[in-house]
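Inside the fold
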Amino acid sequence: MSKYDYLIVGSGLFGSIFAHEMNKNEKKCLVIEKRSHVGGNVFTENIENINVHKYGAHIFHTNNKEVWDYIQQFAEFNRYTNSPIAIYKDELYNLPFNMNTFHQMWGIKTPEEAKKIIKAQKEEANIKNPKNLEEQAISLVGKDIYEKLIKGYTEKQWGKKCSELPSFIIKRLPVRFTYDNNYFNDLYQGIPIGGYTKIIEKLLNGIEIKLNTDFFDDKENWKNIADKIVYTGMIDQYYDYCFGELEYRSLEFKHETKNVENYQGNAVVNYNESEIPYTRIIEHKHFENIDSCKTIITKEYPIKWEKGYEAYYPINDEKNLKIFEKYQKLGNKEENMIFGGRLALYKYYDMWEVIEESLKAVKSEMNNFKNNEK
Ligand code: FAD
Ligand code: UDP
């Protein structure tokens, strides 16, 4: 008999929700986490009364009412609306691409004028069916916006040329012909008051957790400790890179405390020119309107991923997806393994998608138990 029903590798949103729901269903769970804290990339730390998003700005947004209702059980959310500012040299623009941006770029006022300029720039570039991010971007917003607000940012973010990147990355951003600076189209949006770590702590309340514990340091032991393993780490690492390494993008976060009340006047300011090595500066207090005489900012530097670095973004181009499919085939054959989350499924998931997927995995497991009882 195994000691646990489930060993959960990773205490991010996927693992924590899975553990919480299974614990509620009286299944014995053990969570192991290689970092010194729970929460994965949504981890926030309270410093100087400010909840600092230690792994980059996390703004919760979803259209899925079930997911929204689910997460509200663990925190109250404020009505924060993400409206980043983009700085290119000495020019300042609103994001996402909307009538404010078009006015700032071209001095025009009406949607008709904006559409006309974009159409002309798209025709000049002679793009019919966009095949990569560069062509997709020019088709959506024209050459000027592509060159000032997309090219530099994207190439430093991904470490690849826009012409070599898949177009879906840029389709994440809304393009609007209204004066609306809301970065997301979703119905529900906000920041959990008190930070994300509180949500994770509530989810993991009463569950055994081992921090600073890497699955790969004692793989054979961990494989035999539970009936099933929920694995949320890198899938290529799980299979010892047998089909080759998947590519990821890593990041370096540089946090600074400033002795000023308000450093940049907005939570998110993007730096879009290629000459500046970071992509954005986050000023955390603005996520929750914190009143204090100091402020904490974080500069986000994209860096090349190498073994031993944190893998933040999967690079979902064709070459990598082909390798991933091979790993996925192996994974599908394993009866006692559940692969979940951004790294094991190698997907550019937002938080709501990870929650949805984790709840689906719980449902499927509970159905298996019911069917076995029949
Ligand atoms: P993770 O949070 O990565 O958790 C996996 C956990 O597993 C980690 O704690 C890791 O340490 C642990 N682990 C891995 N391997 C091992 C091992 N071998 N042994 C033990 N433990 C292991 N989403 C949004 O909805 N809105 C946003 O604004 C947003 N902003 C983002 C900004 C950045 C910079 C990044 C990188 C992501 C952002 N996301 C955002 C996405 C969001 O972070 C993810 O969707 C979500 O956190 C993924 O949860 P997860 O459980 O799949 O993975
Ligand atoms: N992007 C850009 N300019 C910006 C902001 C975003 O070109 O000012 C592009 C970039 O390629 C980025 C993608 O749009 O990777 C998606 O942006 P998002 O803000 O969703 O990225 P994330 O928060 O996931 O890093």
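Above this text is the structure in question.
Fair warning: this is a prediction, and the values are worked out from it, not measured in the lab. (Residues numbered from 1 in each chain as written. Chains lettered and ligands numbered in written order. Predicted model: local features only at pLDDT ≥ 70, side-chain atom pairs only at ≥ 80, totals over all residues. Heavy atoms only, no water.)

**Description of the overall build of the protein chain**
Each helix and strand in the protein chain was counted, giving 12 helices and 16 strands. Taken over the C-alpha trace, the protein chain has a radius of gyration of 22 Å; the compact-globule value for 374 residues is 21 Å, and the two agree within 12%. C-alpha atoms of the protein chain, sized along the principal axes, occupy 70 × 50 × 40 Å. Taken across its 374 residues, the protein chain has 56% of its residues classed as buried. Relative to all contacts within the protein chain whose residues are 6 or more apart in sequence, the contacts with residues 24 or more apart total 71%. Here the protein chain has roughly 18200 Å² of accessible surface; of this, 46% comes from carbon and sulfur atoms. Of the charged side chains in the protein chain, 52 are positive and 56 negative, and the gap between their average positions amounts to 3 Å. (Helix = DSSP H or I, 4+ residues; strand = E, 2+ residues; numbered from the N terminus. Rg over C-alpha atoms; globule rule 2.2 N^0.38 Å. Buried < 20%, exposed > 50% of the residue type's maximum accessible area, 1.4 Å probe, protein only. Contact = heavy atoms within 4.5 Å. Areas by Shrake-Rupley, 256 points an atom, 1.4 Å probe, with all protein chains shown as cover. Lys, Arg positive; Asp, Glu negative; His and termini not counted. Charge placed at Lys NZ, Arg CZ, Asp CG, Glu CD.)

**With respect to the site of ligand 1**
In the vicinity of ligand 1 there are 32 residues, among which Glu33, His58, Ile59, Tyr349 and Met351 approach most closely. His58 is positioned with one of its side-chain polar atoms (N or O) 2.7 Å from an oxygen atom of ligand 1. Within the side chain of Asp350, one N or O atom sits 3.4 Å away from a nitrogen atom of ligand 1. Within the complex, the protein chains bury 96% of what would otherwise be the 1000 Å² of accessible surface of ligand 1. For the shell around ligand 1, the secondary-structure elements that each account for two or more residues are helix H1 (13–24), helix H11 (341–344) and helix H12 (351–373). Partitioning the shell around ligand 1 into residue classes produces 16 nonpolar, nine polar and seven charged. (Near = heavy atom within 4 Å. Polar contact = N/O pair within 3.5 Å; in protein donor to acceptor, adjacent residues only side chain to side chain. Nonpolar A, V, L, I, M, F, W, Y, C, P; charged D, E, K, R; others polar.)

**Considerations on the packing of helix H3 (residues 99–106) against helix H4 (residues 111–125)**
The axes of two packed helices give the description: the angle between them and the distance between them. Interhelical geometry of H3 versus H4 gives an angle of 70° and a closest axis separation of 10 Å. The orientation of H3 with respect to H4, classified from their angle, is roughly perpendicular. Considering how the two elements wind past one another, H3 and H4 form a crossing that is left-handed. Contact residues: Met99, Phe102 and Trp106 in H3; Pro111, Ala114, Ile117, Ile118 and Gln121 in H4. Taken together, the residues of the contact of H3 with H4 sort by class into seven nonpolar, one polar and no charged. (Axes fitted to C-alpha atoms, helices over the stretch in contact; angles between N-to-C directions. Parallel < 35°, antiparallel > 145°, perpendicular 65-115°, else oblique. Left-handed = near helix turned anticlockwise from the far one by under 90°.)

**What to know about the site of ligand 2**
Neighbouring ligand 2 are 17 residues; Leu149, Thr154, Tyr183, Tyr313 and Tyr348 lie closest to it. Within the side chain of Thr154, a nitrogen or oxygen atom sits 2.8 Å from an oxygen atom of ligand 2. At 2.6 Å from an oxygen atom of ligand 2 is found a side-chain nitrogen or oxygen belonging to Tyr313. Protein contacts shield 94% of the accessible area of ligand 2, which totals 520 Å² for the unbound molecule. Elements that contribute at least two residues to the shell around ligand 2 include exactly helix H5 (133–158) and helix H6 (168–171). A per-element tally of the shell around ligand 2 places H5 first, with six residues.

**Thoughts on the packing of H1 against helix H7 (residues 196–203)**
Following both chains from N to C, one finds H1 and H7 inclined at 35°, their axes separated by 8 Å at the closest point. Note on element contacts: H7 touches H1 through Ile200, Lys202 and Leu203, opposite Leu13, Ser16, Ile17 and His20. Taken together, the residues of the contact of H1 with H7 sort by class into four nonpolar, two polar and one charged.

**Description of the sheet that holds strand E9 (residues 208–210)**
In spatial order, the strands read E9-E2-E1-E10-E16; together these five strands make up an open sheet with parallel pairing. Unpaired on one side and paired on the other, E9 and strand E16 (337–339) mark the two borders of the sheet. Between one strand axis and the next, the sheet turns through 20° on average, direction left out of account. Sheet topology places strand E10 (residues 226–231) next to E16; three bridges connect them, and they run parallel. Bridge pairing links Ile229 to Met337 in E16. Contacting strand E1 (4–9), strand E2 (29–32), E10 and E16, H1 crosses the sheet at an angle of about 165° to E1. (Pairing = 2+ DSSP bridges.)

**Describing the pattern of salt bridges**
In the structure shown here, the tally under the stated rule is 22 salt bridges. The salt bridge partner of Lys294 is Glu48, with a shortest N-O separation of 3.6 Å. Of this pair, Lys294 sits in the loop between strand E13 (280–283) and strand E14 (295–304) while Glu48 is found in the loop between strand E3 (44–47) and strand E4 (50–53), placing the two residues 246 residues apart along the sequence. By relative accessible area, which is 28% here, Lys294 ends up partly exposed. (Salt bridge = Lys/Arg side-chain N within 4 Å of Asp/Glu carboxyl O.)

**A look at the packing of aromatic side chains**
A full pass over the atoms with the stated rule returns 34 aromatic pairs. Residues Phe60 and Trp68 carry aromatic rings whose centres are separated by 5.9 Å and whose planes lie at 35° to one another, so their mutual orientation is tilted. Overall, Trp68 belongs to the buried group, its relative accessible area being 13%. Every member of this aromatic cluster is reached through a ring pair, and the members are Phe215, Phe216, Tyr231, Tyr238, Tyr239, Phe243, Tyr327 and Phe339. Between Arg35 and the ring centre of Tyr55, over which it is positioned, the NZ or CZ distance is 4.3 Å. The ring centre of Tyr238 lies 5.1 Å from the NZ or CZ of Lys219, which sits over that ring. (Phe/Tyr/Trp six-rings, centres within 6.5 Å; stacked < 30°, edge-to-face > 60°. Lys NZ or Arg CZ within 6 Å of the ring centre and 35° of its normal.)

**Some words on the layout of surface pockets**
Roughly 310 Å³ of volume is contained in the second largest pocket. Lining the second largest pocket are 20 residues, and of these Asn332, Met337, Ile338, Phe339 and Ala361 lie nearest its centre. Contributions of two or more residues to the lining of the second largest pocket are made by helix H10 (318–333), E16 and H12. Of the residues assigned to the lining of the second largest pocket, the class counts are eight nonpolar, six polar and six charged. (1 Å grid on protein atoms, 1.4 Å probe; cavity = no way out; pocket = protein on both sides within 12 Å on 5 of 7 lines; lining within 4 Å. Points joined across faces, edges and corners; volume = space filled by probe spheres on them.)

Note that every value here comes from positions in space, so none of it alone points to a role or purpose.
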